Amino acid sequence: MQLDCVIRGGTVVNADGVSSADVGIVGEKIVALGSALPAARREIDARGRLVMPGGVDSHCHIEQVSSFGIMCADDFHSATVSAAFGGTTTVIPFCAQHRGDRIPEVLADYHRRAAEKAVIDYGFHLIVANPDGDTLARDLPEAIETGIRSFKIFMTYDRMRLHDEQILDVLMTARSHGALVMVHAENHGIISWLAGRMVGQGRVAPRYHAICHTRSSEAEAINRVIALAEVVDTPILIVHVSTIEGVAAIREAQARGVKVYGETCPQYLFLTARDIDRGLEGAMFCCSPPPRDEAAQEACWQGLKDGALAVYSSDHAPYRYDASGKLPKGEKTTFKEMANGVPGLELRLPLLFSQGVGSGRISLPEFVNLTATRHAEIYGLSAKGRIAPGCDADIAIWDPTRRVKIDAALLHDNTGYTPYAGRELTGWPVVVLARGEQLIDQDAAPGVIRAERGRGRFLARERSDALRPAGQVIPEVAQLSQWGDSL
Ligand code: URP
Ligand code: ZN
Ligand code: ZN
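Just so it is clear, the structure is predicted and the values come from calculations on it, not from any experiment.

**A closer look at the site of ligand 1**
Argument step 1. Lining the immediate surroundings of ligand 1 are 13 residues, of which H61, K152, H184, S288 and D315 lie closest.
Argument step 2. A distance of 2.7 Å separates an oxygen atom of ligand 1 from a polar backbone atom of S288.
Argument step 3. Computed on the free molecule, ligand 1 has an accessible area of 270 Å², of which 96% lies beneath the protein chains in the complex.
Argument step 4. By residue class, the composition of the shell around ligand 1 is four nonpolar, seven polar and two charged.

See below:
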């Protein structure tokens, strides 16, 4: 077979192991893995380098109006370019329904904008803010039919939050039609009551954001939504877990046989609440839930190690440090008014590689699993997240020794700052291929991406195993229910 491309002499890393192998590519696909593959039209020398699946970032906000009603700083072009430079070749951002929006129109709008601009492949989750009768009976099943197999729901934020009964409705629809429900789990009452008191007392600096979003607010909401999911035996995924208590609640539920997945993000491994405590500039580190302390970081690392947390995503939510994002009222902006979120698409992988693999906390296969393979498995992307014949040739070739001092000017998103400025990282993706096309070669053309706008394709996602109910409706309900144990 005439190969279009061979990546030669590298160390191939998959979630199940490391091997020395050449990777053969024809068109968009990996077709061979082996030693001494025949000469190809294009040869990439990967000696001394790691050949890994391109990252799959299953939680990022792109060209989306936030829960605060603020448009984020990245569009589908800048965000996907930034992702590619960071070694990520697939993203799953959100189509966001706000109250009053009709879901078919929301989906059409996001599809149009992404199709015009994305340079890497993308799927979508659907944020559900208004689960009325038509939404549940028609719009959500139709969205699932088109390959949007995950919904995000919020337990907080005035504009987005759902009551417990609404959450049960969405869970039941997801169960019946095959979708995963991602949950932003924070107790709204605790946060808004505390925030009201703080603002009333003139305590308006960003540091009070971290104080109001108590550890207990996350723990209560995680426990509550797990209880709701147990009633209908529907798999859920708790996004951006940040606390010792949150990780423990997920681990305990998993031990009982509940199908609950967890996610954490760079901000909960590499930042703490002290980063927010720097006057107004702390706004650049404000996200929900907020970064905590070293003990919570440790719990998140442990959760990633033992599987309580299945995936590591960016929760890239980029807002500029100006009136368009973090500071709508300039210096008078209170922590209640600033956009929540931090950028992270481009640094998600380099941070984990340097601080996780470099420090010996996680192995190379664990790195690949947490950044790519597990995302693809859970979210139904069987052609992504692995270096294997038949998979898409989405590949990041890393120089494990390259040292980079982080500076916002190096990055390609539109946020204008990075919470990780000044850190020295070791290990960097230097060559990036997406469906066989070489987009980036930092050796030959540093800082250049060769990718046509709109080359990224929408990925209709499959019904993954993660969506199958555990088969244990709680006994009181099972006795009565018409859905029994067979759905
Ligand atoms: O602060 C955050 N995480 N902003 C993004 C929106 C969300 O809740 O995921
Ligand atoms: Zn969230
Ligand atoms: Zn998010």
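**A closer look at the coordination of the zinc ion (ligand 3)**
Argument step 1. Only H59 (NE2), H61 (NE2) and D315 (OD) from the protein reach the zinc ion (ligand 3) as donors, at distances of 2.0 to 2.2 Å.
Argument step 2. All donors to the zinc ion (ligand 3) come from one chain, and their sequence spacing reads H-x1-H-x253-D.
Argument step 3. A separation of 3.8 Å is found between the zinc ion (ligand 3) and the zinc ion (ligand 2). Here D315 lies in the loop between β14 (311-312) and α12 (348-357) and H59 lies in strand β6 (residues 55-60), a separation of 256 residues in the sequence.

**Some words on the coordination of the zinc ion (ligand 2)**
In an ideal octahedron of six donors the angles at the metal are 90 or 180 degrees, and in an ideal tetrahedron of four donors they are 109.5 degrees.
Argument step 1. Surrounding the zinc ion (ligand 2) are the protein donor atoms K152 (NZ), H184 (ND1) and H240 (NE2), at 2.1 to 2.2 Å.
Argument step 2. Of note, the zinc ion (ligand 2) draws all its donor residues from one chain, in the sequence arrangement K-x31-H-x55-H.

**So, the confidence of the model for the protein chain**
Argument step 1. Per-chain confidence: the protein chain averages 96 in pLDDT, with 97% of residues scoring 70 or above.
Argument step 2. Mean pLDDT across the elements of the protein chain bottoms out in helix α14 (residues 475-480) (64) and peaks in strand β5 (residues 50-53) (99).

**Details of the pattern of salt bridges**
Two side chains bearing opposite charge may form a pair once their charged atoms approach each other closely.
Argument step 1. Summed over all chains, the structure comprises 39 salt bridges.
Argument step 2. Of the charged contacts in the structure, one is a salt bridge between R47 and D45, with a shortest N-O distance of 2.7 Å.
Argument step 3. For R47, a relative accessible area of 61% puts it in the exposed group.
Argument step 4. A salt bridge links K384 to D392; the nearest nitrogen and oxygen atoms lie 2.8 Å apart. As far as the burial class goes, K384 and D392 line up, both buried.
Argument step 5. A network of salt bridges, in which partner residues are shared, links E28, K29, D121, K384, D392, D394, R435 and R457.

**Points about the packing of helix α2 (residues 103-117) against helix α3 (residues 133-145)**
In a packed pair of helices, the relevant descriptors are the angle between the two axes and the axis-to-axis distance.
Argument step 1. Between α2 and α3, the least distance of the axes is 10 Å, while the angle of their chain directions is 20°. When the axes of α2 and α3 are compared, the pair comes out roughly parallel. Seen along the crossing, α2 lies across α3 with a hand that is right-handed. Where α2 abuts α3, its residues I103, P104 and L107 lie against T135, D139, L140 and A143.
Argument step 2. Among the residues forming the contact of α2 with α3, the class breakdown is five nonpolar, one polar and one charged.

**Side note on the packing of aromatic side chains**
Argument step 1. Counting across every chain of the model gives eleven aromatic pairs.
Argument step 2. Their ring planes at 50° and their centres at 5.5 Å tell us that F154 and Y157 sit as a pair that is tilted.
Argument step 3. On the basis of relative accessibility, which here comes to 3%, the residue F154 falls in the buried class.
Argument step 4. Y157 gets classed as buried once you look at its relative accessible area, which sits at 12%.
Argument step 5. Seen in terms of ring centroids, F367 and W398 are 5.6 Å apart; in terms of plane orientation they differ by 85°. Their pairing is edge-to-face. Taken together, the residues span a long stretch of sequence, with F367 in helix α13 (residues 364-378) and W398 in strand β15 (residues 395-405) at a distance of 31 residues.
Argument step 6. Connected via pairs of aromatic rings, a cluster forms that spans F76, Y110, Y122, F124 and F458.
Argument step 7. Directly above the aromatic system of Y110 lies the positively charged group of R113, at a separation of 4.3 Å from the ring centroid.

**Here we look at the environment of Y417**
Argument step 1. Inspection of the secondary structure puts Y417 in the loop between β15 and β16 (424-434).
Argument step 2. Look at Y417 and you get buried, because its relative accessible area is 8%.
Argument step 3. When the C-alpha positions of Y417 and R320 are compared, they lie 7.5 Å apart, and in sequence the two are 97 residues distant.
Argument step 4. Once residues within four sequence positions are removed from consideration, Y417 is found in contact with M284, Y319, Y321, K326, G341, P343 and A408.
Argument step 5. Polar contacts involving the side chain of Y417 include one to the main-chain carbonyl oxygen of M284, which spans 3.1 Å.

**Observations concerning unusual backbone geometry**
Argument step 1. Cis peptide bonds are those with omega within 30 degrees of zero, and the linkage from S288 to P289 qualifies with -10°.
Argument step 2. Examined against the element boundaries, P289 turns out to sit in the loop between α10 (273-276) and α11 (294-306).
Argument step 3. A positive phi is found at A36, a non-glycine position, where the angle reads about 50°.
Argument step 4. Mapped onto the fold, A36 is located in the loop between β3 (29-34) and β4 (40-45).
Argument step 5. We classify A36 as exposed; its relative accessible area is 67%.
Argument step 6. For Y157, which is not glycine, the phi dihedral falls at a positive 80°.
Argument step 7. Topologically, Y157 is positioned in the loop between β10 (150-154) and α4 (164-177).

The rules behind these values
- Residues numbered from 1 in each chain as written.
- Chains lettered and ligands numbered in written order.
- Predicted model: local features only at pLDDT ≥ 70, side-chain atom pairs only at ≥ 80, totals over all residues.
- Heavy atoms only, no water.
- Near = heavy atom within 4 Å.
- Polar contact = N/O pair within 3.5 Å; in protein donor to acceptor, adjacent residues only side chain to side chain.
- Areas by Shrake-Rupley, 256 points an atom, 1.4 Å probe, with all protein chains shown as cover.
- Nonpolar A, V, L, I, M, F, W, Y, C, P; charged D, E, K, R; others polar.
- Donors = N, O, S within 2.8 Å, 3.2 Å for Na, K, Ca; no water.
- Helix = DSSP H or I, 4+ residues; strand = E, 2+ residues; numbered from the N terminus.
- pLDDT = per-residue confidence, 0-100.
- Salt bridge = Lys/Arg side-chain N within 4 Å of Asp/Glu carboxyl O.
- Buried < 20%, exposed > 50% of the residue type's maximum accessible area, 1.4 Å probe, protein only.
- Axes fitted to C-alpha atoms, helices over the stretch in contact; angles between N-to-C directions.
- Parallel < 35°, antiparallel > 145°, perpendicular 65-115°, else oblique.
- Left-handed = near helix turned anticlockwise from the far one by under 90°.
- Contact = heavy atoms within 4.5 Å.
- Phe/Tyr/Trp six-rings, centres within 6.5 Å; stacked < 30°, edge-to-face > 60°.
- Lys NZ or Arg CZ within 6 Å of the ring centre and 35° of its normal.

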